[in-house]
Every structure is written in structure tokens, then in C-alpha cells.
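Reading the structure
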Amino acid sequence: MSNYFSFLPDVYVRTATYRTNNVDPYVLAKNIFRRIKIRDDVEYLLTGFTQYTIKNQERPDQISDEFYGDPQFDWVILLTNNIINLYQDWPMAEDELYRHCERKYGKNKVEDTHHWETLEVKAPNGNIQLPAGVQVPEDFTYTRPDGTSMLSDHIRKEVTNFEHELAQNEFKRNIYLLRKPYLTEFVDEFTALVEYDENEELDLETGHKRTRNAVQENFIPVKPTYSTNVGRVPSIDFAVEADYGNITVNTAGEQIAAGDVLSDGSTVVTQREAGEEITTVTNQYGVAGSSSGQTSSSSSSSSSSSSSSSSSSSGSSSSGGGGYGGY
């Protein structure tokens, strides 16, 4: 049967509705939806086919090997008999059939009544008055044309679940085989019919078809899910840098000492430079504000020339050491 798929044309199937790496995702596959049906022609069936009865446990490839001399033409046997599902349309072995009945009806109901059928009733001259095999209700009655009523046991019979499935299984054994002289012509005609006609989706160089609407997701029961952050609202409000850019800290009133941690997590740092006390409030966002005050002492209020020159000299030395030049 695997040889059958080699005759089918290829088709590009899109594997997803979205693009991956800016490329449309396609995969090349066999177009299993291309199917050729045998034409309904009585004369063609009578001249080109021969009737065959499938033996117990016989497979299509065994029949092909026996009839055509090659097991690879098993697909021809299935196609000409319109067999699509091999598990349902091909006759089962007897033991397999019984297990099928147990699964379908239950282990204890295989021999239960499925339906009732008529028995053949003939007239004295041999003419059939009641044909056999017609499904009827259990209380079915029959009266002959002369007015004679017949007993129910003579006009109907019980059919069990197993007997019903057995009759259907035996019916499947009757198939038609294409005569060997027509085999090559049949394969050539099948190959020509299964090919694509020219259309806008067909690549004339490769013979492959690219159908944009044939997405792989259409043929699977569980659809994939995708997620994106586009259009989502953050659950946490983040503060911008401007909210912490101009914060003024007033140190008047309560005393704030060096190393104190304020309620907003800020830390107070105190520095002393050139007689000034500089109080700075810092946190993880940078310097928030500062305040300064001039210290008073008897030596700083002196106006002697020696002190002034000493202060000037000290200021120049301090400034030079800080790297600020003449400030």
C-alpha cells in the first residue's frame, strides 16, 4: 500500500499562522486528499474485471502477488473495490470477528437477538410467495393468498448479533480484480488523473502546489496557543526619574544627625569643609538636597592681617588640593 502514495502529488502545507524569522513556515507533504474513483460503467466492469472471493486471513498484497505477480499493486485492488478503511471494509478472520462482536455488543451479548428475518415460503406450484432475508418484527404474521395463516416458526427466524456480523463479513469477501492486461493502462491513467491542473497555486517547474489557506492547525484537534505582551497593562506602577529630581529637604525644627535614616529610606550624611557644615540627604536615586551653615569661633572673627593671610593661604591650599583651580 505504501507504493500508492508515491503516485500522489506534493503540496506545501503551512505549519503555523504566524511567520518565523520573517519566513512563512511551510512543509512539503503528500496530498492525501487527492483521490481517484473508479468509474461506474457496467460494460467496463464486465470486460475488465473478474470476480474473486477472499480467503480466510488473506491480505491484499498476497492477492496482488498471486494475481499480478507483484505485491506492490495491492492499492489497485483496494481502489477498484472502493475500499478506503482496510480495518472496516476488509473481511476479518473468524477469531478476530468474535472479538469485534464482544467489543461492539459486550461479552455477554454476542449471542443475543439482533433482529428477525423471514423464511422463504413457496406455493404448491413452486412460486415464491414470501422471500427470505427480509427483516421483520418479532410478532410478524403471514397469511397465504388462499387465506391460510402460517405459524410464526415457519415464516421467520432469529438472527443473533454474531450471525448478523458474520453475514456482513462474508459479504465483504466478494470483490472484483482488474484483469492483468489492463493493469499498465490503469496505472498510467491514474497517474495522469491524480496530477494537478494548471492554476495560480502551482509551481510549473517543480509541480508542487502551495495553498496559503491549507494550515496544519486545521487538521489537528488540539490547537496551539500563543502569548504576547502587546497591549498588556503592567501590574506595577513604576516611578519615573523626574519624581525624584527636585526634592527639598528642610532640616529646621527637628534635629537630624549624621547617619539617620529618614522615612523614605534616605540617609543623612554630614561633611565639614573649610569651616562649613554641609548636610546632604542621599538615597538610591542620587543627591536629594543639602543645607550649610557658617561656624563661629573667636579665631574666625579676628581681623588681624596675619590671620587673613593664613586663611587665604589655607584656602588656596585647600582649593588646590581639591582640584578646583582658583575657586
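Residues numbered from 1 in each chain as written. Predicted model: local features only at pLDDT ≥ 70, side-chain atom pairs only at ≥ 80, totals over all residues. Heavy atoms only, no water.

**Overview of the overall build of the chain**
- From N to C terminus, the chain includes 8 helices and 15 strands.
- Considering the chain as a whole, with its 327 residues, one finds that 26% of them fall into the buried category.
- Long-range contacts, defined here as pairs at least 24 residues apart, represent 53% of the contacts in the chain between residues at least 6 apart. (Helix = DSSP H or I, 4+ residues; strand = E, 2+ residues; numbered from the N terminus. Buried < 20%, exposed > 50% of the residue type's maximum accessible area, 1.4 Å probe, protein only. Contact = heavy atoms within 4.5 Å.)

**A word on the confidence of the model for the chain**
- Confidence in the prediction of the chain, expressed as mean pLDDT, is 75, and 62% of residues score 70 or more.
- Predicted confidence is poor over residues 290-327, with pLDDT under 50, and the contacts of this stretch with residues over four places away or in other chains come to 20 contacts. (pLDDT = per-residue confidence, 0-100.)

**Structural notes on the side chain of arginine 173**
- Following the sequence through the fold, arginine 173 ends up in the loop between helix H6 (161-171) and strand S11 (174-178).
- Judged by its relative accessible area of 8%, arginine 173 falls in the buried class.
- A polar contact of 3.4 Å, which involves the side chain of arginine 173, links it to the backbone oxygen of methionine 92.
- Other than its neighbours up to four places away in sequence, arginine 173 contacts Tyr52, Thr53, Ile54, Lys55, Asn56, Pro91 and Met92. (Polar contact = N/O pair within 3.5 Å; in protein donor to acceptor, adjacent residues only side chain to side chain.)

**Remarks on the pattern of salt bridges**
- Taken as a whole, this structure holds 8 salt bridges when the rule is applied.
- With its nearest N and O atoms 3.9 Å apart, the salt bridge here joins glutamate 58 to lysine 55.
- According to the relative accessible area criterion, lysine 55 is partly exposed, its value standing at 45%.
- The residue glutamate 201 makes a salt bridge to lysine 209 at a minimum N-O spacing of 3.9 Å.
- Overall, the relative accessible area of 29% leaves glutamate 201 in the partly exposed class. (Salt bridge = Lys/Arg side-chain N within 4 Å of Asp/Glu carboxyl O.)

**Description of the environment of glutamate 58**
- With respect to the helices and strands, the residue glutamate 58 is situated in the loop between strand S3 (49-53) and helix H2 (60-68).
- The exposure class of glutamate 58 is buried, given its relative accessible area of 9%.
- Through-space distance from the C-alpha of glutamate 58 to that of proline 91 is 8.9 Å; in sequence the pair is 33 residues apart.
- Within the structure, the side chain of glutamate 58 is placed 2.9 Å from the backbone nitrogen of lysine 55, a separation counted as a polar contact.

**What about the sheet that holds strand S4 (residues 113-118)?**
- The strand order across the open sheet formed by 3 strands is S7-S4-S10, and the pairing between neighbours is antiparallel. The outermost strands of the open sheet, each flanked by one partner alone, are strand S7 (135-136) and strand S10 (156-160).
- As defined by bridge partners, S4 adjoins S7 across 2 bridges and the pair is classed as antiparallel. Bridging across to S7, tryptophan 116 finds its partner in valine 136. (Pairing = 2+ DSSP bridges.)

**Regarding the environment of proline 145**
- Turning to its location among the elements, proline 145 is positioned in the loop between strand S8 (142-143) and strand S9 (149-150).
- Sequence separation between proline 145 and glutamine 129 is 16 residues, and the spatial gap between their C-alpha atoms is 8.6 Å.

**A few points about a negative patch on the surface**
- Side chains of Glu111, Asp112, Glu138, Asp139, Glu158 and Glu163 sit close together on the surface and give a patch of like negative charge.
- Residue position: aspartate 112 is located in the loop between helix H5 (94-105) and S4. (Patch = residues over 30% accessible without salt bridge, like charges linked within 9 Å, V, L, I, M, F, W, Y side chains within 5 Å. Areas by Shrake-Rupley, 256 points an atom, 1.4 Å probe, with all protein chains shown as cover. Lys, Arg positive; Asp, Glu negative; His and termini not counted. Charge placed at Lys NZ, Arg CZ, Asp CG, Glu CD.)

**Remarks on the packing of aromatic side chains**
- With the rule as written, the count across this model stands at 10 aromatic pairs.
- On the basis of an interplanar angle of 50 degrees and a centroid distance of 5.7 Å, the ring pair of tyrosine 4 and tryptophan 75 is categorised as tilted. Taken together, the positions of tyrosine 4 in the segment before strand S1 (10-14) and tryptophan 75 in helix H3 (residues 74-80) put the pair 71 residues apart, joining distant regions of the chain. Of the two residues examined, tyrosine 4 and tryptophan 75, each falls in the buried class.
- Look at tyrosine 68 and phenylalanine 73: their rings are 6.3 Å apart centre to centre, the planes differ by 75 degrees, and that puts the pair in the edge-to-face class. (Phe/Tyr/Trp six-rings, centres within 6.5 Å; stacked < 30°, edge-to-face > 60°.)

**Regarding H5**
- Along its 12 residues, H5 runs 16 Å from first to last C-alpha, staying within 8% of the 16 Å computed at 1.5 Å per residue.
- Packing partners of the buried residues in H5 comprise S4 and H6. (Expected span 1.5 Å × (residues − 1).)

**Comments concerning the nonpolar core**
- Counting residues in hydrophobic clusters, the biggest one holds 25 residues, and the most contacted among them are Ile63, Tyr68, Trp75, Val76 and Ile175.
- Elements with a minimum of two residues in this core: S3, H2, H3, S11 and helix H7 (183-194).
- Apart from the residues within four sequence positions on either side, tyrosine 68 is in contact with Ile63, Phe73, Val76, Ile77, Leu177, Leu178, Lys180 and Leu183.
- Of all hydrophobic cores here, the second largest spans 8 residues; its members include Trp116, Leu130, Tyr142 and Ile155. (Core = buried A, V, L, I, M, F, W, Y, C linked by side-chain atoms within 4.5 Å.)

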